[in-house]
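Per-entry structural report
The primary structure of each chain is shown beneath.
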Amino acid sequence: RTGHLILMQRIGLFGGSFNPIHNGHLHLAQTARESLGLDQVVLIPANVSPFKQQNPDMASGADRLAMCRLAAETLPFCTVDGCELERAGVSYTVDTVRLFRNRYPEAELVLLVGSDMFLSFPKWHCWQEILEMAALGVVSRMDGDMAELEAQRAFLLQYGKIFLCPAEVCTVSSTKIRRNRKNHADFSCYLPQKVVQYIVSHNLYA
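Residues numbered from 1 in each chain as written. Predicted model: local features only at pLDDT ≥ 70, side-chain atom pairs only at ≥ 80, totals over all residues. Heavy atoms only, no water.

Tracing the backbone shows Arg181 in helix H8 (residues 174–182). One buried charged side chain, Arg181, makes no salt bridge at all; its nearest oppositely charged neighbour is Asp57, positioned 9.8 Å away. (Helix = DSSP H or I, 4+ residues; strand = E, 2+ residues; numbered from the N terminus. Buried < 20%, exposed > 50% of the residue type's maximum accessible area, 1.4 Å probe, protein only. Lys, Arg positive; Asp, Glu negative; His and termini not counted. Salt bridge = Lys/Arg side-chain N within 4 Å of Asp/Glu carboxyl O.)

Written out as structure tokens, the structure is:
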């Protein structure tokens, strides 16, 4: 045992409304972990702005947090953090990254985003500050968008570190799951079993 060798931890931050969390999200976490050598991936359900709260399809923060915790049980490197729900108000990613930067000053932080989010990244609140504190780990969510992602990466590299994770695209959407549930169609193949049970027992999205 080498007493003084401390390896820098690499932590992936993965936020989203997770309404509900599904196998596509878990596939993204797994892909990013393998291709970026992450020690852990933190799932961070977003607090939703008051405007979206009118959406009858939006499960409560408590329900979305509980479903994330159940899903995280299927991946040993995954943890869940409710910081955005506790903070209330609009969830700005920059605030979350600042929180983790203060909490883990020595760690390398990697913010995980899908291709759609990555392409709109320069419109984010304080996006340059985010890149000063964390690298971006981008997982493609649609086939054939690599050229577009490469171009965006070339532009953003002047501001920070950008990693593209080549992966098989997994096209599951929360919208489709909610629609199937509402229409009494099967949706169980898209989610971990315990999340399916939670949705049914709490009568979500019915």
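Grouped together as the largest cluster of nonpolar side chains are 39 residues, with contacts concentrated most on Ile21, Met67 and Leu112. Where this core is concerned, the elements lending two or more residues are helix H1 (23–36), strand S2 (40–45), helix H2 (61–72), strand S3 (78–80), strand S4 (108–114), strand S5 (135–139) and helix H9 (193–201). Take this core: its biggest share by element is six residues, from H2. When near neighbours in sequence (up to four residues on either side) are disregarded, Ile21 contacts Leu26, Leu43, Met67, Cys68, Ala71, Leu191 and Val195. By size, the runner-up hydrophobic cluster in this structure holds 26 residues, among which are Phe121, Trp124, Val138 and Leu156. (Core = buried A, V, L, I, M, F, W, Y, C linked by side-chain atoms within 4.5 Å. Contact = heavy atoms within 4.5 Å.)

Here we take up the sheet that holds strand S6 (residues 162–165). Pairing in this open sheet of six strands is parallel, and the strands run S3-S2-S1-S4-S5-S6 from one edge to the other. Across the chains shown, the open sheet's two edge strands, defined by having one partner strand only, are S3 and S6. Averaged over all neighbouring strand pairs, the angle between strand axes comes to 30°, with direction disregarded. Sheet topology note: the strand S1 (residues 10–16)/S4 ladder contains four bridges and is parallel. Looking across to S4, one finds that Ile11 is bridged to Leu109. (Pairing = 2+ DSSP bridges. Axes fitted to C-alpha atoms, helices over the stretch in contact; angles between N-to-C directions.)

One pass over the structure, following the stated rule, counts eight salt bridges. With a shortest N-O distance of 3.8 Å, Arg178 and Asp57 are connected by a salt bridge. Taken together, the positions of Arg178 in helix H8 and Asp57 in the loop between S2 and H2 put the pair 121 residues apart, joining distant regions of the chain. Given the relative accessible area of 12%, Arg178 is considered buried. Residue Glu129 is joined to Arg98 by a salt bridge in which the shortest nitrogen-to-oxygen separation is 2.8 Å. Separated by 31 residues along the polypeptide, Glu129 in helix H6 (residues 127–133) and Arg98 in helix H4 (residues 93–103) bring together distant segments of the chain. For Glu129, a relative accessible area of 26% corresponds to the partly exposed category.

Moving on: unusual backbone geometry. The linkage connecting Asn19 with the following residue, Pro20, adopts the cis geometry, with an omega of 0°. Mapped onto the secondary structure, Pro20 falls in the loop between S1 and H1. Residues other than glycine seldom take positive phi values, yet Cys126 does so here, at roughly 55°. Structurally, Cys126 can be placed in the loop between helix H5 (115–119) and H6. Assessed through its relative accessible area of 30%, Cys126 is described here as partly exposed.

With respect to the helices and strands, Arg101 occurs in helix H4. Here Arg101 sits buried without a salt bridge, and the closest side chain of opposite charge, Glu106, lies 7.9 Å off (N-O distance). At 3.1 Å, the side chain of Arg101 and the backbone oxygen of Ala107 are in polar contact. The residues contacting Arg101, other than those within four sequence positions of it, are Ala107, Leu109 and Met133. (Polar contact = N/O pair within 3.5 Å; in protein donor to acceptor, adjacent residues only side chain to side chain.)

Within S4, seven of the seven residues are buried, which leaves the element mostly enclosed by the surrounding structure. Burial of the side chains of S4 extends over both faces: Glu108, Val110, Leu112 and Gly114 are buried on one face and Leu109, Leu111 and Val113 on the other. Bridge count between S4 and S5: five bridges; the pairing is parallel. When the bridges of S5 are listed, Leu111 appears paired with Leu136.

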